Amino acid sequence: MTQDFDIVIFGGLGDLSLRKLLPALYRSEVAGHLPESARIFLTARSAEVEELEKAKIHDWLHNQLKDGESAESHWQVFSKRISVVALDVTQADQAWEQLANPLSECPERDRVFYLAMPPSLYGATCEQLSGFGLISDNSRVVLEKPLGYDRESADEINALVAQYFPEDHIFRIDHYLGKETVQNLLALRFANILFEPLWNGKYIDHVQISLSEEVGLEGRTAFYDQAGAMRDMIQNHLLQLLCLVAMEPPHKMQADSIRTEKLKVLQAMRPITGYEVQSHTVRGQYVEGMMKGESVPGYLDELGRDSQTETFVAIKAHIDNWRWSGVPFYFRTGKRLRQRCAEIVIQFKPLSHNVFDNSTGHLSANRLVMRLQPDEGIQLTVMAKELNQFDMRLQQVPLNLNFAETFSNIHSDAYQRLLLNVIQNDLSLFAHRDEADLAWAWVDPIISAWKECGTPVQAYEAGSWGPDASAALLHSDKRAWHNNGGSQRGRKL
Ligand code: BG6
């Protein structure tokens, strides 16, 4: 149970709110995490009668919840918390009183303002919040990605919000950091003696971070064609995951210590500039192909016009510090790929000396795979003796921790966790302004170099694993993507 709070979701009847935020709050209700007094205000530019809107929210909830979850069980209590407020954030008019009056009745409560709207409206919203005296000492603001289009625009947005909220009241959300396995990555690294001594370039050959999606544009044409995979996934989700894999142990599991270590990783990332983009990056765009036995259109068909926006990126990156010297980090993300899968692969080096003779079989190097989705879990492959064999024969076997099976009744929800963190005022899983800035500082030159060098997008069929050049990026280093075989579809880790 958390302390008393009010949450105001700007863009409260929008896609993000209906698909992610309200289901997450409802799950918190079911789990008993919401105090009796907590209130939820949903603002929208135009709203129908409250009862009609609530009926819509209920339908959305019903569709979003998973098997075994019920939209009915706690709906009566949950719906009573919700107020729908029609207001235009760009107008300082009377409509704001619908928000100001109830909030001011409880000045002592924590207040969360969630800006689930385009960043172009952040400034106006903060200005009105301030103008109507709604920003109290207990107020926090949550900012959704995309936070800007490049370093400069992100800086402008951050500077604008900073006029109204101090940095330690600003929660920049990256929902990947709320995923169960990401938390477990921290547990694995820092709560076990086994891994930390091996977590460096002496024992690790390379690291792969791969975020593949089956979905295509999902109706977000205007946004996506402006952004592309680099801004949509690499600048935020992927670099945040990288930071947690590569950072030094923080002094404590507290926001300041974690942020300090993440910043050092971003500072140490080797820039990829000019013609290096040709050898270190791959841009792709999907064309028509087959997915799950059905033909799906290409990106340009969905878009209805020509575009050079990338829907796939692969990158070979390096971190220039002692721990990671000589260890390549391979990133890959794309839409309309063969399988939805997010995983971090730590490939250890081979043994320096083999004491077994050739007849025992090939010694494969150990590998640690942290799967974020679809089936969350961790797998470590080790060599072991084959059972029931008189001779010593070795085989690679997996040690599995499959959360989905082990904790079958748990529906982990990244937004639920992160919203509770906001309410509890815990910043440890949120990005600091400087992190966002450094991530842009690494990403911007790559995007500029693509432009300068005229790096084309390479076609890949929907339902494949991306352009051939993506496999070639690793093949040229005598390596391969972990999850890249047609026959591996649907397999466990
Ligand atoms: C969002 C991106 O941040 O993350 C989307 O804007 C992407 O393009 C989504 O589809 C992926 O999230 P998840 O949790 O479904 O992997």
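Predicted, not measured: the structure shown is a model, and the values here were computed from it.

Quick look at the environment of Arg 19 now. Structurally, the position occupied by Arg 19 is in helix H1 (residues 15-30). When its relative accessible area of 32% is taken as the criterion, Arg 19 is described as partly exposed. On a C-alpha basis, the gap between Arg 19 and Leu 61 in space is 7.8 Å, while along the polypeptide they are 42 residues apart. Once residues within four sequence positions are removed from consideration, Arg 19 is found in contact with Trp 60, Gln 64 and Glu 218.

Bringing the pattern of salt bridges into the picture now. Opposite charge on two side chains allows them to pair when their charged atoms are near. Here the structure, examined in full by the defined rule, presents 31 salt bridges. Here Asp 155 ties to Arg 433 by a salt bridge, and the two come within 3.2 Å at their closest N and O atoms. Taken together, the positions of Asp 155 in helix H6 (residues 151-162) and Arg 433 in helix H14 (residues 433-453) put the pair 278 residues apart, joining distant regions of the chain. Judged by relative accessible area, which is 38%, Asp 155 ranks as partly exposed.

It is worth spelling out the site of the ligand at this point. Around the ligand, the structure places Lys 145, His 175, Tyr 176, Lys 179, Glu 213, Arg 220, Asp 232, Met 233, His 237, Lys 335, Arg 340 and Gln 373. Asp 232 is positioned with one of its side-chain polar atoms (N or O) 2.6 Å from an oxygen atom of the ligand. Here an oxygen atom of the ligand and a side-chain polar atom of His 237 are 2.7 Å apart. For the ligand, whose accessible area on its own is 400 Å², the fraction buried by protein is 84%. Take the shell around the ligand: its biggest share by element is three residues, from helix H8 (residues 221-246). A class-by-class count of the residues in the shell around the ligand yields two nonpolar, three polar and seven charged.

With that out of the way, let us pick up the packing of aromatic side chains. In total, this model carries 15 aromatic pairs according to the counting rule given. Aromatic pair Tyr 26 and Phe 78: ring centres 5.3 Å apart, planes at 85 degrees, arrangement edge-to-face. Note that Tyr 26 is positioned in helix H1 and Phe 78 in helix H3 (residues 75-81), a separation of 52 residues in sequence. For the pair formed by Tyr 26 and Phe 78, the shared burial category is buried. When the ring of Phe 113 is compared with that of Phe 165, the centres are 6.5 Å apart and the planes differ by 65 degrees; the resulting orientation is edge-to-face. Taken together, the residues span a long stretch of sequence, with Phe 113 in strand S4 (residues 110-115) and Phe 165 in the loop between H6 and strand S6 (170-172) at a distance of 52 residues. Each residue in the set Phe 10, Trp 96, Phe 113, Phe 132 and Phe 165 is aromatic and connected to the rest through ring pairs, giving one cluster. Taking NZ or CZ as reference, Lys 179 lies 4.5 Å from the ring centre of Tyr 176, over its face.

Right, let's talk about H8 for a bit. The largest bend in H8 is about 100 degrees, located at Gly 228. Burial runs high along H8: 22 of the 26 residues are buried.

So, on to the environment of Asp 4. If you trace the backbone, Asp 4 turns up in the segment before strand S1 (5-10). Residue Asp 4 is classed as partly exposed on the basis of its relative accessible area, which comes to 38%. For the pair Asp 4 and Pro 35, spaced 31 residues apart in the sequence, the C-alpha separation amounts to 6.1 Å. Apart from residues lying up to four places away in sequence, Asp 4 is in contact with Pro 35, Ser 37, Arg 109 and Asp 110.

This part covers helix H4 (residues 97-105). Of all the positions in H4, only Leu 99, Ala 100, Pro 102 and Leu 103 are classed as buried. Elements that come into contact with the buried residues of H4 comprise S1, strand S2 (39-44), strand S3 (82-86) and S4.

Cis geometry marks the peptide bond from Lys 145 to Pro 146, where omega comes out at 5 degrees. Note on placement: Pro 146 falls in the loop between strand S5 (139-143) and H6. In this chain, Gln 373 is followed by Pro 374 through a cis amide linkage whose omega measures 10 degrees. Position of Pro 374 relative to the elements: it lies in the loop between strand S14 (367-373) and strand S15 (377-385). One non-glycine residue with positive phi stands out, namely Asn 425, at about 65 degrees. Mapping Asn 425 onto the fold places it in the loop between helix H13 (414-423) and H14.

Summarising burial for S4: six of the six residues are buried, a large majority. Every second residue of S4 is oriented toward a common face, with Asp 110, Val 112 and Tyr 114 on one face and Arg 111, Phe 113 and Leu 115 on the other, all of them buried. As paired strands, S1 and S4 are joined by six bridges and run parallel to one another. Pairing of Ile 9 across the sheet is with Tyr 114, part of S4. With five bridges connecting them, S4 and S5 associate as parallel partners. Directly across from Leu 115, in S5, lies its bridge partner Leu 143. Handedness of the β-α-β unit built from S4, helix H5 (residues 122-131) and S5 comes out right-handed.

The next point concerns the sheet that holds S1. Sheet architecture is open: six strands sit in the order S3-S2-S1-S4-S5-S6, paired in parallel fashion. Two strands close off the open sheet at either side, each with one partner strand: S3 and S6. On average, adjacent strands in this sheet sit at an angle of 20 degrees to one another, irrespective of strand direction. Direction of pairing for S1 relative to S2: parallel, over a ladder of five bridges. Among the inter-strand pairings, Asp 6 is bridged to a residue of S2, identified as Arg 39.

How each quantity is defined
- Residues numbered from 1 in each chain as written.
- Predicted model: local features only at pLDDT ≥ 70, side-chain atom pairs only at ≥ 80, totals over all residues.
- Heavy atoms only, no water.
- Helix = DSSP H or I, 4+ residues; strand = E, 2+ residues; numbered from the N terminus.
- Buried < 20%, exposed > 50% of the residue type's maximum accessible area, 1.4 Å probe, protein only.
- Contact = heavy atoms within 4.5 Å.
- Salt bridge = Lys/Arg side-chain N within 4 Å of Asp/Glu carboxyl O.
- Near = heavy atom within 4 Å.
- Polar contact = N/O pair within 3.5 Å; in protein donor to acceptor, adjacent residues only side chain to side chain.
- Areas by Shrake-Rupley, 256 points an atom, 1.4 Å probe, with all protein chains shown as cover.
- Nonpolar A, V, L, I, M, F, W, Y, C, P; charged D, E, K, R; others polar.
- Phe/Tyr/Trp six-rings, centres within 6.5 Å; stacked < 30°, edge-to-face > 60°.
- Lys NZ or Arg CZ within 6 Å of the ring centre and 35° of its normal.
- Bend = angle between axes of the 7 residues up to and from the residue.
- Pairing = 2+ DSSP bridges.
- Right-handed = clockwise from strand over helix to strand, strands pointing away.
- Axes fitted to C-alpha atoms, helices over the stretch in contact; angles between N-to-C directions.

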